[in-house]
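# Survey of secondary and tertiary structure
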Amino acid sequence: MIAELVSLLVVFVLAMFVGFEVITKVPATLHTPLMSGSNAISGITIIGALIVAGRGDSRVTSVLGLIAVIFAMINVVGGFMVTDRMLEMFKKKPEEKRS
Amino acid sequence: MNPAFIKLFYLLAAVLFIVGLKRLSSPVTARSGNRLGAVGMLIAIVATAVFTGILSWTMVIIGLVVGSLIGLVLARTVKMTAMPEMVALLNGFGGGASALVAAAEFLSPTSDVGVGAPFHINLTVGLSVLVGAITFSGSLVAFLKLREWITGRAVTYPLQKTLNGLLLAATLSAIVWLVVQPEAGWMFAVLAGLAFALGILSVIPIGGADMPVVISLLNSYSGIAAAMTGFVINNEGLVVSGALVGASGLILSHIMCKAMNRSLANVLFGAFGSQVAQIGPGKAIGDKTYREVTHEDCATMLAYARLVVVAPGYGLAVAQAQHEVRELADLLEKRGVEVKYAIHPVAGRMPGHMNVLLAEANVPYDKLNDMDQINPEFERTDVVLVIGANDVVNPAARHDQASPIYGMPILDVDKAQTVVVLKRSMRPGFAGIDNELFYEPRTRMLFGDARDSVKKLVAEVKNV
């Protein structure tokens, strides 16, 4: 059991470094979409919400699971869609290429 | 199916998230990157629904449908000026969901978490609830502040830090209690309540213009909460994705703090901007005087300039003047005037706030210059239009060691030939300090609502 936890910790730390590397390259002009987009990614907790809600082993946990699924889905759908809306506006061709 | 194979789907999802974030490094590829992320999420959701043996589909389907609909409506209807509130709200939902998953896992009679579980598992539950609940309530407060449903100013009271410190200590004690005695289910409710209160009380003392840092930090928390929940349910997908978001939020918080020349601790505990000197319109402070300009004269200056730089701030968002500004820029460009935009990293209420607004008004992104690009250009700039920005253009930050914003990197608009400040009144900015830029001989004040003023400028430029 403790071995699982440790290997998850390894994954966590390495993923943080990957995150730092990738995110530092995002230009300031895209910081708002970065935030809403990464926010949608944190909606990954939907996986846990689905497992909990789908287990149906007690009334309390089912209700908690249901709310968790709703919250996480708002996060996922709202996050990705609003980011798409913003990035669509950024897509317009610049009039001149920045050197 | 062997549960180990599900992990391959989560791995695929994580890879798509990383590639998607990588594609955010350029506005040209960003949209496809975001869509890759969405595909990754879809894969993760479908794999979970199909392969984890869901027994009770009713709750799952109701949840998916209701959540998606709410998310859809929010994403479609939110105004670009309200994006900070939107992101704060989404952060909150993410954090809340993570806390709820951990809670349900702890209370579930069939999971291997909770009573009888080894201490380190219950420790992860405690941390997950702690971070998730703080994210949830903290984000709600940030949302209310940004909407101005509650005051956007820093709320302070005596012994605030001591009380918050005690609250944190109590919360951590509750976690220890739960780890030692997982049977005490009531302690779980206490922990959730304490963490919820901690989220509220730690965001309340943070003022409006520090919101970029707070939102970034809450963004980071929402990722950390998801990762913590990953530890609880032993799921690498959550851990990797949560860590990515955690890193992203931390980087943004750091960038924002650097742009204000303040430490994170100072932003979180400094209660910056709780005091405001009240100065009515038309009243100069002491013997200092300022000069007003008419719309007509300002339009003439603009029309005969070679280079005009627009320095927008939160006031632009409040007045929703971005489309009018773009219209004015178009007119000027037709007359052969070069128009650029100077974006300070903390202009607005969240990182990149101004860029999104101007992008909405179809300003090409290569005209948006960040501080380091535009500062050397002010010396050859004829007119700077400061629209709803204040502290980020205050020259006191450069030389006045007594100023609370001393040392903060600013837009050097005062080096331009003429500065026109569009402002509603002489009221000081968020930092609650007077702006000496307004009294410079080369500065002209143009009072009124930014949108009306720019509209009038558009009309006047047409007449020039």
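Anything mentioned here points back to the structure above.
Bear in mind that the values here come from a model prediction, so they are computed numbers and not experimental data.

### A closer look at the overall build of chain A
In terms of helices and strands, chain A carries 4 helices and 0 strands. The secondary structure elements of chain A, listed N-terminal to C-terminal, are α-α-α-α. A globule of 99 residues ought to have a C-alpha radius of gyration of about 13 Å, yet chain A, at 18 Å, is considerably larger. Looking at chain A as a whole, 62% of its 99 residues qualify as buried. For chain A, the share of sequence-separated contacts (at least 6 apart) that also reach a separation of at least 24 residues comes to 68%. By element, 69% of the accessible surface of chain A is carried by carbon and sulfur atoms, the whole surface being about 3900 Å². Computing the positive centroid from 9 side-chain charges and the negative centroid from 7, chain A places the two 4 Å apart.

### A closer look at the interface of chain A and chain B
On the side of chain B, 111 residues touch chain A, which itself brings 85 residues to the contact. Between chain A and chain B lies a buried interface of about 8700 Å² when both sides are counted; carbon and sulfur atoms form 76% of it. Summed over the shared surface of chain A and chain B, the number is 4 salt bridges. Notably, a salt bridge pairs B:Arg35 with A:Asp84, separated by 3.1 Å at the nearest N-O pair. The interface formed by chain A and chain B includes 21 residue pairs in polar contact (both at pLDDT 80 or more). Mapped onto the side of chain A that touches chain B, the elements with two or more residues apiece are helix H1 (2-23), helix H2 (31-42), helix H3 (46-55) and helix H4 (59-90) of chain A. Per-element tally for the side of chain A that touches chain B: the top contributor is H4(A), with 29 residues.

### As for the packing of helix H5 (residues 119-147) of chain B against helix H8 (residues 211-232) of chain B
All names here are of chain B. Across the interface, H5 lies against H8 with an axial gap of 8 Å and an inter-helix angle of 155 degrees. The angle between H5 and H8 falls in the class roughly antiparallel. As for the relative orientation of H5 and H8, their crossing is left-handed in sense.

Reading the values: the criteria
Residues numbered from 1 in each chain as written. Chains lettered and ligands numbered in written order. Predicted model: local features only at pLDDT ≥ 70, side-chain atom pairs only at ≥ 80, totals over all residues. Heavy atoms only, no water. Helix = DSSP H or I, 4+ residues; strand = E, 2+ residues; numbered from the N terminus. Rg over C-alpha atoms; globule rule 2.2 N^0.38 Å. Buried < 20%, exposed > 50% of the residue type's maximum accessible area, 1.4 Å probe, protein only. Contact = heavy atoms within 4.5 Å. Areas by Shrake-Rupley, 256 points an atom, 1.4 Å probe, with all protein chains shown as cover. Lys, Arg positive; Asp, Glu negative; His and termini not counted. Charge placed at Lys NZ, Arg CZ, Asp CG, Glu CD. Buried area = accessible area lost by both parts, 1.4 Å probe. Salt bridge = Lys/Arg side-chain N within 4 Å of Asp/Glu carboxyl O. Polar contact = N/O pair within 3.5 Å; in protein donor to acceptor, adjacent residues only side chain to side chain. Axes fitted to C-alpha atoms, helices over the stretch in contact; angles between N-to-C directions. Parallel < 35°, antiparallel > 145°, perpendicular 65-115°, else oblique. Left-handed = near helix turned anticlockwise from the far one by under 90°.

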